[in-house]
Amino acid sequence: MEVKQSSLAAVGTKFSQYPTDGKVEIAFAGKSNVGKSTLINAMLGRKALARTSSQPGKTRTINFYDVNDCMYVVDLPGYGYAKAPKTEIAKWGMMIEEYLQKREELRAIILLIDIRHEPGKNDIMMYDWLKHYGYDIIIAATKSDKINRSQIQKHLSVIRKTLGLGPDDVLIPFSGEKKTGVQELWAEIERFLD
Ligand code: GDP
């Protein structure tokens, strides 16, 4: 997909603040610091539209980016931020649960996993949660430039095995640094656009 236009259309923590025009949504989820802002910016061809959401003291919101006036890229706040207070984690849980449970516009989820590390407890919980809701999930293995190219397949197999992916589940290596994986991810996303 060629992104001709993108802009921040809505920011919120509850349904009354989310877009109401019914455009299809593709959501991006992942642990704090996994490279989600970098990936979204690369996908949208922007330098700094998405910001890092894990900074302490910042309200953790769901951000909706309008793309070509035909869909929303939805940035879900990162999980697993070590210093987050319990009350904030609880709020995060309720906000995400409500969104996943009720959002009719949501078509698929891109779950970001750092290619260097075996998926952690939170990643596995998130993956299982998304599966439980019946969503199509595409895994983006981020920061692929940080490992040797000869090691990429090995790391992808570890992710596949740890999350329990099936042979049909899509797993795409991505590098914000090298801008690799952008078109592959868009090609997967396009399957879910009307
Ligand atoms: P977020 O918290 O998930 O939104 O993560 P950010 O996009 O802010 O990235 C966290 C850190 O990882 C930053 O220092 C980024 O520069 C770095 N980073 C993100 N993606 C990549 C990547 O593909 N390659 C490399 N080498 N670094 C990355």
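Residues numbered from 1 in each chain as written. Predicted model: local features only at pLDDT ≥ 70, side-chain atom pairs only at ≥ 80, totals over all residues.

As a further point, take the sheet that holds strand 3 (residues 62–67). An order of 1-3-4-2-5-6-7 is seen for the seven strands of this open sheet, with the pairing classed as mixed. On the outer flanks of this sheet lie strand 1 (6–12) and strand 7 (170–173), each paired with one strand and no other. Between one strand and the next, the sheet's axes are offset by a mean angle of 25 degrees, whatever the strand orientation. Two elements, strand 1 and strand 3, share six bridges in a ladder whose sense is antiparallel. By the bridge assignment, Ala10 is partnered in strand 3 with Phe64. Against the sheet, helix 1 (residues 36–44) contacts strand 1, strand 2 (24–30), strand 3, strand 4 (71–75), strand 5 (106–114) and strand 6 (136–142), and its axis sits at roughly 165 degrees relative to strand 4. (Pairing = 2+ DSSP bridges. Helix = DSSP H or I, 4+ residues; strand = E, 2+ residues; numbered from the N terminus. Axes fitted to C-alpha atoms, helices over the stretch in contact; angles between N-to-C directions. Contact = placed C-beta atoms within 7 Å.)

Buried together is how nonpolar side chains tend to be arranged in soluble globular proteins. Ranked by internal contacts, the top residues of the largest apolar core, which has 41 residues, are Phe28, Val73, Val74, Ile110, Leu111, Leu112 and Ala140. Ranked by residues supplied to this core, first place goes to strand 5 with five residues. In contact with Val74, not counting residues within four places along its chain, are Glu25, Ile26, Ala27, Phe28, Ile62 and Phe64. (Core = buried A, V, L, I, M, F, W, Y, C linked by C-beta atoms within 7 Å. Buried ≥ 20, exposed ≤ 12 C-beta atoms within 10 Å, placed from the backbone.)

Glancing now at unusual backbone geometry. Within the chain, Asn33 stands out as a residue other than glycine whose phi angle is a positive 75 degrees. Assignment of secondary structure puts Asn33 in the loop between strand 2 and helix 1. A residue is classified by how many C-beta atoms lie within 10 Å of it, and Asn33, with 15 of them, is partly exposed.

Turning our eyes to something else, we now look at the site of the ligand. Taken together, 19 residues lie near the ligand, and Gly35, Lys36, Ser37, Thr38 and Gly176 sit nearest. The dominant element in the shell around the ligand, judged by the number of residues it contributes, is helix 1, at three residues. A breakdown of the residues in the shell around the ligand according to their chemical character gives one nonpolar, 13 polar and five charged. (Near = placed C-beta within 6 Å. Nonpolar A, V, L, I, M, F, W, Y, C, P; charged D, E, K, R; others polar.)

Bringing the confidence of the model for the protein into the picture now. A residue-level look at the protein finds 96% of positions with pLDDT of 70 or above and a mean pLDDT of 93. Reported for the predicted complex are a pTM of 0.95 and an ipTM of 0.99. (pLDDT = per-residue confidence, 0-100.)

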